[in-house]
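A closer look at the structure
Listed here are the chains, written in short residue letters.
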Amino acid sequence: MVVIAYTLLVLATGAERVVELVISRRNAAWSFARGGIESGRGHFPAMVALHTGLLLACIVEVWALGRPFIPGLGWPMLALTLACQAGRYWVIWSLGHQWNTRVIVVPGLPLSTRGPYRWAWLRHPNYVIVAVEGVALPLVHTAWITALTFTVLNAVLLLGFRIPAEERALQDAAPVAAPDPDPDGRTP
């Protein structure tokens, strides 16, 4: 019975991702209408495959390998998974129209300073949430192989491709600072 509830949790997570894609598509149209520029297209299919694979692997590992539900692990991981869902929507709300599953930046728009983006030391809070969720969701039902595999592959994609692409795109599209009216530092 618990394995069925877990399967429903993973399927509900998948349905939530579909809602995110609808929001993302709407926000992409908003960004492109304002001159948005997309970067990092090359790694995006791998990210889609990884995130889809996470959901599928959660179900397959639990059913095929008979992973047990261990209450001392499962309940805290469920709470963490649900907290990650709240965190995802906090990020989406904080970025508003600028949130997207792809790297689309509108030149000249300032960086968000709302929600978790107000802390300069936490530059990519969404990726922290994704990393935590990639461990927590599988471990709700002790799918440790899925948790470990996702964590490694996600780190490779985020650190090797996604975050550098996003940083370059944000830097290239940053608002230009006004030139210093007196470059020699003299006052008239």
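Read on for an overview of the structure. Nothing here was measured: the structure is a model prediction, and the numbers come from that model.

This next bit is on the side chain of Arg-67. Within the element layout of this structure, Arg-67 appears in the loop between α2 (44–64) and α3 (71–95). Judged by its relative accessible area of 17%, Arg-67 falls in the buried class. At a separation of 2.8 Å, a polar atom in the side chain of Arg-67 contacts the side chain of Glu-61.

With that settled, the discussion passes to the packing of α2 against helix α4 (residues 125–139). Running from amino to carboxyl end, α2 crosses α4 at an angle of 15°, the nearest separation of the two axes being 10 Å. Relative to α4, the element α2 is oriented roughly parallel. Considering how the two elements wind past one another, α2 and α4 form a crossing that is left-handed. Here His-51, Leu-54, Leu-55 and Cys-58 of α2 come into contact with α4, specifically with Val-130, Gly-134, Leu-137 and Pro-138.

One way to put it is that helix α1 (residues 2–33) packs onto α3 with a least axis distance of 12 Å and a crossing angle of 5°. The orientation of α1 relative to α3 falls into the category roughly parallel. Contacts between α1 and α3 involve Leu-9, Thr-13, Glu-16, Arg-17, Val-19, Glu-20 and Ile-23 from the former and Leu-78, Gln-85, Arg-88, Tyr-89 and Ile-92 from the latter. Residue composition of the contact of α1 with α3, grouped by class: 6 nonpolar, 2 polar and 4 charged.

On to the pattern of salt bridges. Counted under the stated rule, the structure contains 10 salt bridges. For Arg-123, the salt bridge identified is with Glu-167, shortest N-O distance 2.8 Å. With Arg-123 in the loop between β2 (103–105) and α4 and Glu-167 in helix α5 (residues 144–173), this pair connects stretches of sequence that are 44 residues apart. Judged by relative accessible area, which is 39%, Arg-123 ranks as partly exposed.

Rules behind the numbers
- Residues numbered from 1 in each chain as written.
- Predicted model: local features only at pLDDT ≥ 70, side-chain atom pairs only at ≥ 80, totals over all residues.
- Heavy atoms only, no water.
- Helix = DSSP H or I, 4+ residues; strand = E, 2+ residues; numbered from the N terminus.
- Buried < 20%, exposed > 50% of the residue type's maximum accessible area, 1.4 Å probe, protein only.
- Polar contact = N/O pair within 3.5 Å; in protein donor to acceptor, adjacent residues only side chain to side chain.
- Axes fitted to C-alpha atoms, helices over the stretch in contact; angles between N-to-C directions.
- Parallel < 35°, antiparallel > 145°, perpendicular 65-115°, else oblique.
- Left-handed = near helix turned anticlockwise from the far one by under 90°.
- Contact = heavy atoms within 4.5 Å.
- Nonpolar A, V, L, I, M, F, W, Y, C, P; charged D, E, K, R; others polar.
- Salt bridge = Lys/Arg side-chain N within 4 Å of Asp/Glu carboxyl O.

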